[in-house]
Amino acid sequence: MAEFPGVSSIAADVAAGRTTARDVLDAHLARIDAREGEVHAFNLVMRERAMAVATEVDARVKRGENPGRLAGVPIALKDNMCTRGVETTCSSRILEGWKPPYDATTVQKLAAEGAVFVGKTNLDEFAMGSSTENSAFGPTRNPLDTSRVPGGSSGGSAAAVAAGFAAGSLGSDTGGSIRQPAALCGLVGVKPTYGLVSRYGLVAFASSLDQIGPFTHTVEDAAILTEVIAGHDPLDSTSIPQPAPDLVGALGAGVKGLRIGRVADLPEGADPDVLARLDAALEALARAGATIIDVTLPSLSFALTAYYLIAPAEASSNLARYDGVRYGRRVAAGDINTMYADTREAGFGDEVKRRIMLGTYALSAGYYDAYYGKALKVRRLIADDFARAYATADVILTPTSPSVAFRFGSKTDDPLAMYLCDIFTIPTNLAGHPAMSVPFGIGQDNMPVGVQVLAPTLGEATMFRVAAELERAV
Ligand code: GLN
């Protein structure tokens, strides 16, 4: 996967004057010119701005100033992160043309370290989906095989890195939207602990679950980007009041003495090629000195059901703000209620409407306790299961996605089949824990397989240690 230069090598070369940010950017723009027509990773390529920023980074290097940890590193941003004065659409007609008046905190933090933003990436509309087929602007293709999906909802961010359009990217993960596309595109993808990374300026989908995290080719690069975007932000009331952790420092520690949990009652549904790679990963860690122990997570099989009550419930209230008055598109009508209805009818796609209806139903008077209330209880059971498991295991290993990247259209007629893509990733979001996907070899049809490393709250350092060992082993 070292086909393209990574975050750490670009930053080091630019800072040392071995190359320039402009040359690095030009190489990435050339790859965009060559393949973006076929891949469609971006809703917007920020060519002019990127050139101006790269030139500024080079000037700083020339003046002998510190150009930052990400000097000249081309980064792509999921198009649900606010960028000041730059269109932010969430791949929805309802936000088309909207230009936020401020930058997301993560965007600010990357920029402050010298990153060069190459563009805003495509996603399933409002991050609802697992294939990027729900974008209002057309799907993104998997650069490794363009007859297949890149995963979702952050499919554009994954494809941009896999195709060499950017050295790293940011996505958002509510139920798996960073880890699943990372697995399907052969990348490292990280969902940090809930509250570790600020969501200020991330367009909300399900506020008790959403987290921002990076996509990269290597574990070290993911550690660098996570360190840069983490840390307390007074502008996000859910932000954990402590500084960013040291993750890069943990990468070389190995896994000797660590206890790795294997889930004895893993929910069914993973393909044999995926399970074979999981077994190989466990064996590799055992060879490197870790102890493999069995853990049970009996409530895991209810996680998907709970998620599809909680996430749509929160979405239905978060998406109430798109009314044709405050943001984006408005469909003119004779009276205000018709204007609201016509704007939302024209502005939202089918999956978003389905979620709003599910969520509104789950929250309605008389049903609240039976659906939403019960889902919250299941959420608690899942957290309790994890707490018991983490009393004996330092991290847990599962598949990331039940299958390798699938073909376009193969799940679009069956929402439940699509929802099942996230069966192994959703429990982490419900618990608020960190998890990451690491490429671990090849499965069916020569497509990459990802292994998921799960850790307890703020267990990122150990999680990255294990991920680094898996990377060495493969
Ligand atoms: N695929 C899941 C969903 O559609 C997760 C999406 C996400 O993490 N944003 O809800």
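Our subject in this report is the structure included herewith. (Residues numbered from 1 in each chain as written. Predicted model: local features only at pLDDT ≥ 70, side-chain atom pairs only at ≥ 80, totals over all residues. Heavy atoms only, no water.)

## As for helix α8 (residues 272-287)
Phase 1 of the analysis: Here α8 spans 22 Å end to end across 16 residues, near enough to the 22 Å set by a 1.5 Å rise per residue.
Phase 2 of the analysis: Buried within α8 are the following residues: D273, V274, L278, A280, A281, L282, A284 and L285.
Phase 3 of the analysis: Those residues of α8 hidden inside the fold are in contact with β7 (259-263), β8 (291-295), β9 (395-399), β10 (435-442), β11 (448-454) and α15 (460-473).
Phase 4 of the analysis: A positive backbone phi angle near 110 degrees is found at G289, which sits one or two residues after α8. (Helix = DSSP H or I, 4+ residues; strand = E, 2+ residues; numbered from the N terminus. Expected span 1.5 Å × (residues − 1). Buried < 20%, exposed > 50% of the residue type's maximum accessible area, 1.4 Å probe, protein only. Contact = heavy atoms within 4.5 Å.)

## A word on the site of the ligand
Phase 1 of the analysis: Inspection of the region around the ligand gives 15 residues, with G175, S177, Y307, R355 and D422 positioned closest.
Phase 2 of the analysis: S153 has a polar side-chain atom sitting 3.5 Å from a nitrogen atom of the ligand.
Phase 3 of the analysis: Contact between the ligand and D422: a nitrogen atom at 2.5 Å from a side-chain N or O atom of the residue.
Phase 4 of the analysis: When isolated, the ligand has an accessible area of 300 Å², and the protein chains bury 100% of it.
Phase 5 of the analysis: Considering only residue class, the shell around the ligand consists of 5 nonpolar, 7 polar and 3 charged. (Near = heavy atom within 4 Å. Polar contact = N/O pair within 3.5 Å; in protein donor to acceptor, adjacent residues only side chain to side chain. Areas by Shrake-Rupley, 256 points an atom, 1.4 Å probe, with all protein chains shown as cover. Nonpolar A, V, L, I, M, F, W, Y, C, P; charged D, E, K, R; others polar.)

## So, the packing of aromatic side chains
Phase 1 of the analysis: Applying the stated criterion to the full structure yields 14 aromatic pairs.
Phase 2 of the analysis: A ring pair is formed by F126 and F348, whose centres lie 6.0 Å apart and whose planes are at 70 degrees; its orientation type is edge-to-face. Residue F126 is found in the loop between β3 (116-121) and α5 (155-162), and its partner F348 is found in the loop between α10 (336-347) and α11 (350-363); the two are separated by 222 residues along the sequence. Per residue, the accessibility class of F126 equals that of F348, and both read buried.
Phase 3 of the analysis: A ring pair is formed by F386 and Y390, whose centres lie 6.0 Å apart and whose planes are at 15 degrees; its orientation type is stacked. Residues F386 and Y390 agree in their burial class; the two are buried.
Phase 4 of the analysis: Feature note: the residues W98, F126, Y322, Y327 and F348 constitute an aromatic cluster, connected by ring pairs.
Phase 5 of the analysis: We note R141 situated over the ring of F408; from NZ or CZ to the ring centre the distance is 4.8 Å.
Phase 6 of the analysis: Here the guanidinium or amino end of K411 rests over the ring plane of F406, the centre of that ring lying 4.8 Å away. (Phe/Tyr/Trp six-rings, centres within 6.5 Å; stacked < 30°, edge-to-face > 60°. Lys NZ or Arg CZ within 6 Å of the ring centre and 35° of its normal.)

## A look at the pairing of strand β4 (residues 168-173)
Phase 1 of the analysis: Burial analysis of β4 places 6 of its 6 residues in the buried class, which makes it a mostly covered element.
Phase 2 of the analysis: Neither face of β4 is left uncovered, since the one carrying G168, L170 and S172 and the one carrying S169, G171 and D173 both have all their residues buried.
Phase 3 of the analysis: Pairing analysis gives 3 bridges linking strand β2 (residues 74-78) to β4, with the strands arranged parallel. Within β4, the residue paired with A76 across the bridge is S169.
Phase 4 of the analysis: Note that β4 and strand β6 (residues 211-216) share 5 bridges and pair antiparallel. The partner of S172 across the bridge, within β6, is I212. (Pairing = 2+ DSSP bridges.)

## What to know about the packing of helix α7 (residues 219-229) against α15
Phase 1 of the analysis: Running from N to C, α7 and α15 point in directions that differ by 155 degrees, and their axes come no closer than 9 Å. On the basis of the axis angle, α7 is roughly antiparallel to α15. Across the interface between the two elements, V219, A222, A223 and T226 from α7 touch F464, A467, A468 and E471 from α15.
Phase 2 of the analysis: Per-class residue counts for the contact of α7 with α15 are 6 nonpolar, 1 polar and 1 charged. (Axes fitted to C-alpha atoms, helices over the stretch in contact; angles between N-to-C directions. Parallel < 35°, antiparallel > 145°, perpendicular 65-115°, else oblique.)

## Concerning the sheet that holds β8
Phase 1 of the analysis: The 11 strands lie next to each other as β1-β3-β2-β4-β6-β5-β10-β11-β9-β7-β8, forming an open sheet whose pairing is mixed. The sheet terminates laterally at β1 (42-45) and β8, the two strands that pair on one side only. Between one strand and the next, the sheet's axes are offset by a mean angle of 30 degrees, whatever the strand orientation.
Phase 2 of the analysis: Judged from the 3 bridges that link them, strand β5 (residues 188-191) and β10 form a sheet pairing that is antiparallel. Looking across to β10, one finds that K191 is bridged to A435.
Phase 3 of the analysis: Here α7 sits on the sheet and contacts β2, β4, β5, β6 and β10; the angle it forms with β6, its principal contact strand, is near 150 degrees.

## Description of the nonpolar core
Phase 1 of the analysis: Among the nonpolar cores identified, the biggest contains 48 residues, and L70 and L110 are the most heavily contacted of them.
Phase 2 of the analysis: Among the secondary structure elements, those contributing two or more residues to this core are α1 (7-15), α2 (21-39), α3 (47-62), β2, α4 (105-112), β3, α5 and α7.
Phase 3 of the analysis: No other element matches α2, which puts 6 residues into this core.
Phase 4 of the analysis: Membership of the second largest hydrophobic core comes to 46 residues, among which are F126, V203, A315 and Y322. (Core = buried A, V, L, I, M, F, W, Y, C linked by side-chain atoms within 4.5 Å.)

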